[in-house]
Amino acid sequence: MPPKSTPKSKSNQNPHFKPGSKVEIMSEEEGFRGSFYTGTVVKATRTSKFIVEYDKLFEDEEGTKPLQETVNEFQIRPIAPREKKREFKFSEEVDAFHNDGWWEGVITEVNEDGKFAVFFRSTKEQIEFGEEDLRLHREWVNGAWKPTLEGEEEEEEEEKEEVKEKENEGSRNKRKLVEEELTKEVKRRVNKKVPDTTQEKPIESPKDAKFSKGMPVEVSSDEDGFKGAWFSATIVEPVGKDKYLIEYQTLRTEDDSDFLREEIDTVHIRPHPPQTIIIDRFKKLEEVDALYNDAWWVGVVSKVNTFPKYSVFFKDSNEELEFQHSDLRPHQDWINGKWVTPSKALKL
C-alpha cells in the first residue's frame, strides 16, 4: 500500500498581492519607519511573507540593480488612490513624497505661493511641499482604502443635492448670503491659518516655554515598541538647557518604591492637551488617542460598536483593539506652539 501523500501547503493567495502587482512597501528601518516606497511583488511565499522589488531603491551605488527584500504582509499595500486635482487645506492629514517615499504628515501652513508646510510627527520636522508632492492620507484597513475615492464622490453628490433642496426652499437672496458667509469663513481659516474654533487658543512654543515645577505635561519615547506613545508626567525641575527632570504619573521604578523619574529634553515634552473639546460620540475614521498600557497612542476609529465601545486601528503595529469611550480622546498635535486637530476636510 503506497504511503499517503502529505498535502502541499498553498502559497499566499491574497488577490491584492499577486506576482507582478504594484504595491507600496512600509519600511521598518530606523529613521525610515512608517514611510512607504513603491515596488512590485516578485513572489508570494507559502507563509504570510512576500518577495518585493523596489522601484527607486537599489542594491548598488550605480542604481543598476533594484533592491529586493522579503517582507511581511502587513508591510505592503496596493498603490494608494489619489485625486487628479485637490485643494489641500490647513490641518488636513496628507502623505508627502520625500526622499523617494511617502511620509504621513499634517498640513500646518497654507502659503500664498501655493506651497504647503507639512509637519511629520515621527521626526518632529516641518518641511514645505508643492501640491504635486501631496496626496490625501488614506489607510489600508481590512482590504479596503479608508476613505475611498468613491465615498468622497458620493459625499459631493449628497452636498449638491442638499444645495438644490435649499435653493428650492429658500430665496436666491438668502442662498447668496449663506455663500458669502461661508466664503468669508474659509478665507478666515486658511489665510489666518487658525484651527477649528473648538480648539484652545495657541500657547507658546515648547522651544521657548518655561515649564514650571509641578506643571502637568506629556512625554514621548523613542524606544522601540513605545514610539508615538505619550505618557503623563509632572515637571520636577530644570536640569540644563532645554532639559527637565520629570516624574511619570503612571510608570514606577523597578522595585516599585516610587514613581519613575527621568531627564527629558524639550523635544519630547509638551503641555498637557487642552480639555476644551468634548465628544459625545466618536465617528468612524476619526483620529483619536487611545489610553493603553499607561500611555496615549494615536489611532483611527475603524468601527463604531455598541456604545460606549469602539474598535481602533493602530497603523504602526497593524493592530485593531476595542476601547471604551472613556479611554479615547480627540487626537491633537502640538505644532509650533499650537494645538492642532488634524481633519480630512474643514467642516464649516
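Calculation notes
Residues numbered from 1 in each chain as written. Predicted model: local features only at pLDDT ≥ 70, side-chain atom pairs only at ≥ 80, totals over all residues. Heavy atoms only, no water. Helix = DSSP H or I, 4+ residues; strand = E, 2+ residues; numbered from the N terminus. Buried < 20%, exposed > 50% of the residue type's maximum accessible area, 1.4 Å probe, protein only. Contact = heavy atoms within 4.5 Å. Areas by Shrake-Rupley, 256 points an atom, 1.4 Å probe, with all protein chains shown as cover. pLDDT = per-residue confidence, 0-100.

**Topic: the overall build of the chain**
Okay, so step 1: Looking only at helices and strands, the chain features two helices and 24 strands.
Okay, so step 2: Split into buried and exposed, the 348 residues of the chain put 38% on the buried side.
Okay, so step 3: Considering only intrachain contacts with a sequence separation of at least 6, the fraction spanning at least 24 residues in the chain is 50%.
Okay, so step 4: Accessible surface computed for the chain: about 21400 Å², of which carbon and sulfur atoms make up 49%.

**Quick notes on the confidence of the model for the chain**
Okay, so step 1: In this model, the chain carries an average pLDDT of 79, and 76% of its residues clear a pLDDT of 70 or more.
Okay, so step 2: Considering only residues more than four positions removed or in separate chains, one finds that residues 1-9, a stretch of pLDDT under 50, has one contact.
Okay, so step 3: Across residues 344-348 the pLDDT falls below 50, and counting only partners more than four positions away or on other chains, this stretch makes 16 contacts in the model.

**Some points on the environment of Glu237**
Okay, so step 1: Inspection of the secondary structure puts Glu237 in strand 14 (residues 230-240).
Okay, so step 2: Residue Glu237 is classed as partly exposed on the basis of its relative accessible area of 40%.
Okay, so step 3: For the pair Glu237 and Gly214, spaced 23 residues apart in sequence, the C-alpha separation works out to 8.3 Å.
Okay, so step 4: Those residues in contact with Glu237 that sit more than four places away from it in its chain are Tyr244 and Leu245.

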